[in-house]
Amino acid sequence: MLIGTQVLQGIVTPVVLIYILILANRRDVLGAAANKPVIRVIATIAVAGISIVSVLLLAETVLGWFGIGS
């Protein structure tokens, strides 16, 4: 049960991070506090990496249900 909730949290995390990144990049929302171009690139790469790891976690969990993989 605990592992299932962690997998669910791992699936939801990238979605939340994408919305936070979109809001943090908007100048009409944050004004001068919005992300600068360099930070935008770094944050996008970080969110993409987290999303990829999340998809791998989901795939490994689903494959584990069928006895495939580790």
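This section reports on the structure supplied with the text. Owing to the predicted nature of the structure, the values given are computational and were not obtained by experimental measurement.

Parameters at a glance
Residues numbered from 1 in each chain as written. Predicted model: local features only at pLDDT ≥ 70, side-chain atom pairs only at ≥ 80, totals over all residues. Heavy atoms only, no water. Helix = DSSP H or I, 4+ residues; strand = E, 2+ residues; numbered from the N terminus. Contact = heavy atoms within 4.5 Å. Areas by Shrake-Rupley, 256 points an atom, 1.4 Å probe, with all protein chains shown as cover. Expected span 1.5 Å × (residues − 1). Bend = angle between axes of the 7 residues up to and from the residue. Buried < 20%, exposed > 50% of the residue type's maximum accessible area, 1.4 Å probe, protein only. Axes fitted to C-alpha atoms, helices over the stretch in contact; angles between N-to-C directions. Parallel < 35°, antiparallel > 145°, perpendicular 65-115°, else oblique. Left-handed = near helix turned anticlockwise from the far one by under 90°. Nonpolar A, V, L, I, M, F, W, Y, C, P; charged D, E, K, R; others polar.

1. Points about the overall build of the protein
Here is step 1 of the chain: On a plain count of helices and strands, the protein comes out with three helices and zero strands.
Here is step 2 of the chain: From first element to last, N terminus to C terminus, the protein shows the α and β order α-α-α.
Here is step 3 of the chain: In terms of overall dimensions, the protein has C-alpha extents of about 50 × 20 × 15 Å along its principal axes.
Here is step 4 of the chain: For the protein, restricting intrachain contacts to residue pairs at least 6 apart in sequence, the fraction spanning at least 24 positions comes to 43%.
Here is step 5 of the chain: Here the protein has roughly 5,300 Å² of accessible surface; of this, 78% comes from carbon and sulfur atoms.

2. Side note on helix H1 (residues 2–25)
Here is step 1 of the chain: In this model H1 runs 34 Å from its N-terminal to its C-terminal C-alpha over 24 residues, within 8% of the 34 Å that 1.5 Å per residue would give.
Here is step 2 of the chain: The axis of H1 is deflected most strongly, by about 25°, at valine 12, and proline proline 14 appears within four residues downstream.
Here is step 3 of the chain: Every buried residue of H1 is listed here: Val7, Gly10, Pro14, Leu21, Ala24 and Asn25.

3. Concerning the environment of leucine 58
Here is step 1 of the chain: Along the chain, the position of leucine 58 falls in helix H3 (residues 37–65).
Here is step 2 of the chain: Given the relative accessible area of 33%, leucine 58 is considered partly exposed.
Here is step 3 of the chain: In this structure, the C-alpha to C-alpha distance between leucine 58 and alanine 48, residues ten residues apart in sequence, is 15 Å.
Here is step 4 of the chain: Discounting chain neighbours no more than four positions away, the residues touching leucine 58 are Val7 and Ile11.

4. As for the packing of H1 against H3
Think of two packed helices as two axes; the pair is described by the angle between the axes and how far apart they sit.
Here is step 1 of the chain: It is at 9 Å that the axes of H1 and H3 come closest, and there the two elements cross at 165°. The angle between the axes of H1 and H3 places the two elements in the roughly antiparallel class. The two elements H1 and H3 cross, and the hand of that crossing is left-handed. Side by side, H1 and H3 meet where Val7, Gly10, Ile11, Pro14, Leu17, Ile18, Leu21 and Asn25 of the first sit next to Arg40, Ala43, Thr44, Val47, Ile50, Ser51, Ser54, Leu57, Leu58 and Thr61 of the second.
Here is step 2 of the chain: Across the contact of H1 with H3, the residue classes tally to eleven nonpolar, six polar and one charged.

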